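Each chain is listed here by its residues.
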Amino acid sequence: MTNEQNKTWESAQAAITNLREEVARTIVDQRRVIDEMLMGLMCRGHCLMVGVPGLAKTLLVDTLGKCLGLSFHRVQFTPDLMPADIIGSEILQQTADGSRHLEFTPGPVFANLILADEINRTPPKTQSALLEAMQEKQVTVAGKTMPLPDPFLVFATQNPIEHEGTYPLPEAQLDRFFFNIVIDYPGFEQEREIVLRTTARERATPAQVLNPEQIAEMQEMIFDIPAPDHVIDAILKITHGSRPTSDLADDFIRRCVEWGAGPRASQTLTLAAKACAFIKGEAAASLEDVREVAMPALRHRVLPSYSATGDGVTVEKIIQHLLDKHLG
């Protein structure tokens, strides 16, 4: 690195450290979740967040937005939600002279951070409207195309225990999400801290520590972090080894996996490993970085077979098997 590049790197490392600490002032005991959300942000990847109600999913996204100086909208997905309720629509307006014209009213999708709360509660047509905006970073209404803000990131939530009246996302749409982040219950002492913080008069107010321009610079820096050949080879062995029809698949995978991870999983693992290295201040992606990001990158891209589900083999056990085999 040149002196200028070294200064830029050190400045970015200091900024990401400040950001993690500032979010942690509001959010108790969710370091892993915070880091995975930041990796998604650094890689411009949308994230699916899975957890029971009350685990601060909305607060997490709202706090992140405030710390980054980004706009934030929350959309509660319900069975009667229509695509226009998300994207926006043209409304007939009347001017003072009595003339009428159609004027586009932007929907909540026009923000930097979107929380799509319980995305599986809305019909496929509305789900597809949001997923199209996620993929294209733009919306089209009445033949007019409008770009979405930059950066643009969607955090969609799902309740893992209540499935009545839901519309599960198909595997092809799940694959559009960069990470599947699982949020678990806090520990005993951590929940004590949560109770003390949230039931007192004084509460922490997140401060802005970054701006959109700095975020864009960091996002570009991720592409410059090298991933050595042995790391790329390991990633490809993991993804190819997850496919029952691949020569790298063993008997366990052939028996327990219905569909394996596709090429987008290899791309995600590579970018996420680079982002993981960046957050830790490392100059290059390592096998340990791959291990750390494998679960959120693959758990929604590997589909267990019917027999595996009957035997109690979870997708996490399948991914762990792949990591043990190909990473040692």
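Provided above is the structure to which this section pertains.
Predicted model only: the values in this text are computed from it and were never measured.

A.B. asks: Any chance you could explain the packing of helix α2 (residues 31-42) against helix α3 (residues 57-68) here in plain terms?
C.D. replies: A pair of packed helices is captured by two measures, namely the crossing angle of their axes and the spacing between those axes. Two elements in contact, α2 and α3, have axes whose closest approach is 12 Å; the angle formed by their N-to-C orientations is 55°. When the axes of α2 and α3 are compared, the pair comes out oblique. Here the hand of the crossing between α2 and α3 comes out right-handed. Across from Val33, Ile34, Met37, Leu38 and Leu41 in α2, the residues of α3 making contact are Leu60, Val61, Leu64 and Leu68.

A.B. asks: I'm lost on the packing of aromatic side chains in this one. Help?
C.D. replies: Each pair of aromatic rings is reported with the distance of its centres and the angle of its planes. Tallied over the full model, the rule gives two aromatic pairs. Centre to centre, the rings of Trp9 and Phe278 are 5.6 Å apart; their planes meet at 85°, and the pair counts as edge-to-face. With Trp9 in helix α1 (residues 3-26) and Phe278 in helix α11 (residues 263-280), this residue pair connects regions lying 269 residues apart in the sequence. Between Phe178 and Phe179 the ring centres are 4.8 Å apart and the planes differ by 40°, which places this aromatic pair in the tilted class. Both residues of the pair, Phe178 and Phe179, belong to the buried class.

A.B. asks: Teacher, can you tell me more about the layout of surface pockets here?
C.D. replies: Approximately 810 Å³ is the volume found for the largest pocket. Residue lining of the largest pocket: 30 residues in total, with Gln158, Leu174, Asn180, Arg299 and His300 positioned closest to the centre. Mapped onto the lining of the largest pocket, the elements with two or more residues apiece are β1 (47-50), α6 (171-174), β9 (179-182), β11 (303-304) and α14 (315-327). Split by residue class, the lining of the largest pocket holds 14 nonpolar, 11 polar and five charged. Empty space within the second largest pocket amounts to approximately 470 Å³. Lining the second largest pocket are 22 residues, and of these Thr26, Ala56, Leu59, Ile194 and Thr198 sit closest to its centre. Breaking the lining of the second largest pocket down by element, the ones donating at least two residues are α1, α3 and α7 (188-198). A breakdown of the residues in the lining of the second largest pocket according to their chemical character gives 10 nonpolar, six polar and six charged.

Conventions adopted
Residues numbered from 1 in each chain as written. Predicted model: local features only at pLDDT ≥ 70, side-chain atom pairs only at ≥ 80, totals over all residues. Heavy atoms only, no water. Axes fitted to C-alpha atoms, helices over the stretch in contact; angles between N-to-C directions. Helix = DSSP H or I, 4+ residues; strand = E, 2+ residues; numbered from the N terminus. Parallel < 35°, antiparallel > 145°, perpendicular 65-115°, else oblique. Left-handed = near helix turned anticlockwise from the far one by under 90°. Contact = heavy atoms within 4.5 Å. Phe/Tyr/Trp six-rings, centres within 6.5 Å; stacked < 30°, edge-to-face > 60°. Buried < 20%, exposed > 50% of the residue type's maximum accessible area, 1.4 Å probe, protein only. 1 Å grid on protein atoms, 1.4 Å probe; cavity = no way out; pocket = protein on both sides within 12 Å on 5 of 7 lines; lining within 4 Å. Points joined across faces, edges and corners; volume = space filled by probe spheres on them. Nonpolar A, V, L, I, M, F, W, Y, C, P; charged D, E, K, R; others polar.

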